[in-house]
Amino acid sequence: MVEAAYRHHGLDIRYMNCEVPPEGLGDAVRGARAMGWIGFHCSLPHKVSVIAHLDGLGESAALMGAVNCAVRRGEQFIGENTDGKGFLKSLRQAIDPRGRRVVLFGAGGAARAIAVELALAGAAEIAVVNRDRARGAQLVDLLNTKTSTAAALVEWSRTTSIPDGVDIVVNATAIGLFPDVGGRLDFDPATLHPGMVVADVIANPPRTNFIREAEARGCVAIEGLGMLVNQGVIGIKYWTGVDVDASVMRRTVEAIFSD
Ligand code: NDP
C-alpha cells in the first residue's frame, strides 16, 4: 500500500517489512538511525516499548503512551501515533466530533488511540464499553485526568444498548476481523437510530456485520478500511512532506484483501 503511493508519486523510497524480536528492538532503532531511515512504522508488540528508544513524542502519542510511527526530524526520531489520526480523518467526512457524545466499544490499543484523538478534537463525552474492567478503567482514567472529555466505563458483561442522544458509535474491538467474519458485537441494534454515525476499525473485511446493521438502521456507516489507508497517508506525509493520493493506496489494499 505504501510503496504503491511511492511509485505513483515518483518518490524514490522503499518500504520494507522487518520482523524484530522484542530483545532486538533497541538495535533495530539504532540500525534505522545509522542507516539514515526517514522513519518507520512499528506494530505489536513494540508500540509501547519502542518509546524508550526514541528522542521524543508527539502530543497524542505522549498522552496514549503508544507509538506506531517514528519520524526523523533533524537528528532525532520522534514517535507519533497515526492510528487515531487516520480514524479521525475518516470520521470527519461524516461529522465533527467537537461537542459530541460517543460510545466506544473496546479499550485496547486502537481504542486508546481513537479515544485520545476524539478527546483532543473536543468530544464532550465518551462511554467506554469493555469486557475487561481494569483495561476499560485505565482508559477512562486517562481521559478524565489528561483531557477535558468526560469519560465513563460501561462493563460489558451482557447485551448493552446505545443510550439516546449518542452521536457517534465506534467498534474498536477485534470483533469481525478476518477470519471472525461472522462476529457480532453483543448490543441491541434496535438502539441505533438514523443520523447516528457508526464507525468500525475492522479493515478486513470492510463490510462487517456491525457496518451492515448500522446501514440497515439508517445510520451513516464508516468502514475501517478508510482508517487503515489514512494512517498510511498521514505517515507518508510525516516522512516525506508529500500529500499522497489516498485512492491509489485504497485500490492496492483492496486488491490485497480480495486475494
Ligand atoms: P488489542 O488486543 O489491544 O485490544 C482488543 C480489544 O478488543 C480489547 O478491548 C478487547 O476487550 C476487545 N475484544 C476482543 N475480542 C472481543 C470479544 N470477543 N468481545 C468483546 N471484546 C473483545 O487490539 P487493538 O486495539 O490493537 O486492535 C483492535 C482491532 O483494531 C483489531 O481488529 C485491529 O485489526 C483493528 N485496527 C485497525 C486499524 C485500522 O487502521 N483500520 C488500526 C489498528 C487496529 P478486552 O479488553 O475485554 O479483552
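Presented here is a report on the structure given in the accompanying data block. Nothing here was measured: the structure is a model prediction, and the numbers come from that model. (Residues numbered from 1 in each chain as written. Predicted model: local features only at pLDDT ≥ 70, side-chain atom pairs only at ≥ 80, totals over all residues. Heavy atoms only, no water.)

Quick notes on the environment of Thr208
Then comes step 1: With respect to the helices, strands and loops of the structure, Thr208 is situated in the loop between β9 (197–200) and α7 (209–216).
Then comes step 2: Linking Thr208 and Gly224, residues 16 residues apart in sequence, is a C-alpha distance of 9.3 Å. (Helix = DSSP H or I, 4+ residues; strand = E, 2+ residues; numbered from the N terminus.)

A few points about the pairing of strand β4 (residues 76–80)
Then comes step 1: Across the 5 residues of β4, 4 count as buried, placing the element largely inside the fold.
Then comes step 2: Summarising the sheet, strand β2 (residues 56–57) and β4 pair through 2 bridges and their orientation is parallel. Note on β4: the bridge partner recorded for Gly56 is Ile78.
Then comes step 3: The pairing of strand β3 (residues 69–73) with β4 spans 5 bridges and is classified as antiparallel. In the sheet register, Arg73 faces β4, and the bridge partner there is Gln76.
Then comes step 4: The loop that links β3 with its antiparallel partner β4 comprises 2 residues; one of these, Gly74, has a positive phi angle of about 65°. (Buried < 20%, exposed > 50% of the residue type's maximum accessible area, 1.4 Å probe, protein only. Pairing = 2+ DSSP bridges.)

Side note on the layout of surface pockets
Then comes step 1: Volume-wise, the second largest pocket comes out at about 190 Å³.
Then comes step 2: Taken together, Ser90, Gln93, Ala94, Ile222, Glu223, Gly226, Val229, Asn230, Ala246, Ser247 and Arg250 form the lining of the second largest pocket.
Then comes step 3: By residue class, the composition of the lining of the second largest pocket is 4 nonpolar, 5 polar and 2 charged. (1 Å grid on protein atoms, 1.4 Å probe; cavity = no way out; pocket = protein on both sides within 12 Å on 5 of 7 lines; lining within 4 Å. Points joined across faces, edges and corners; volume = space filled by probe spheres on them. Nonpolar A, V, L, I, M, F, W, Y, C, P; charged D, E, K, R; others polar.)

Section: the packing of aromatic side chains
Then comes step 1: Following the criterion strictly, the structure yields 6 aromatic pairs and no others.
Then comes step 2: Here Tyr15 and Trp239 contribute two aromatic rings whose centre-to-centre distance is 6.3 Å and whose plane-to-plane angle is 40°, an arrangement assigned as tilted. In this pair, Tyr15 is assigned in the loop between α1 (2–8) and α2 (25–34) and Trp239 in helix α8 (residues 224–240), connecting sequence segments 224 residues apart.
Then comes step 3: By relative accessible area, Trp239 is classed as buried at 11%.
Then comes step 4: On the basis of an interplanar angle of 70° and a centroid distance of 5.8 Å, the ring pair of Phe187 and Phe210 is categorised as edge-to-face. (Phe/Tyr/Trp six-rings, centres within 6.5 Å; stacked < 30°, edge-to-face > 60°.)

Thoughts on the packing of α8 against helix α9 (residues 246–258)
Then comes step 1: Contact geometry for α8 and α9: axes closest at 10 Å, N-to-C directions at 130°. Judged on the interaxial angle alone, α9 and α8 are oblique. The handedness of the crossing between α8 and α9 comes out as right-handed. Residue-level contacts link Leu225, Gly226, Leu228, Val229, Gly232, Val233 and Ile236 of α8 to Ala246, Met249, Arg250, Val253, Glu254 and Phe257 of α9.
Then comes step 2: Counted by class, the contact of α8 with α9 contains 9 nonpolar, 2 polar and 2 charged residues. (Axes fitted to C-alpha atoms, helices over the stretch in contact; angles between N-to-C directions. Parallel < 35°, antiparallel > 145°, perpendicular 65-115°, else oblique. Left-handed = near helix turned anticlockwise from the far one by under 90°. Contact = heavy atoms within 4.5 Å.)

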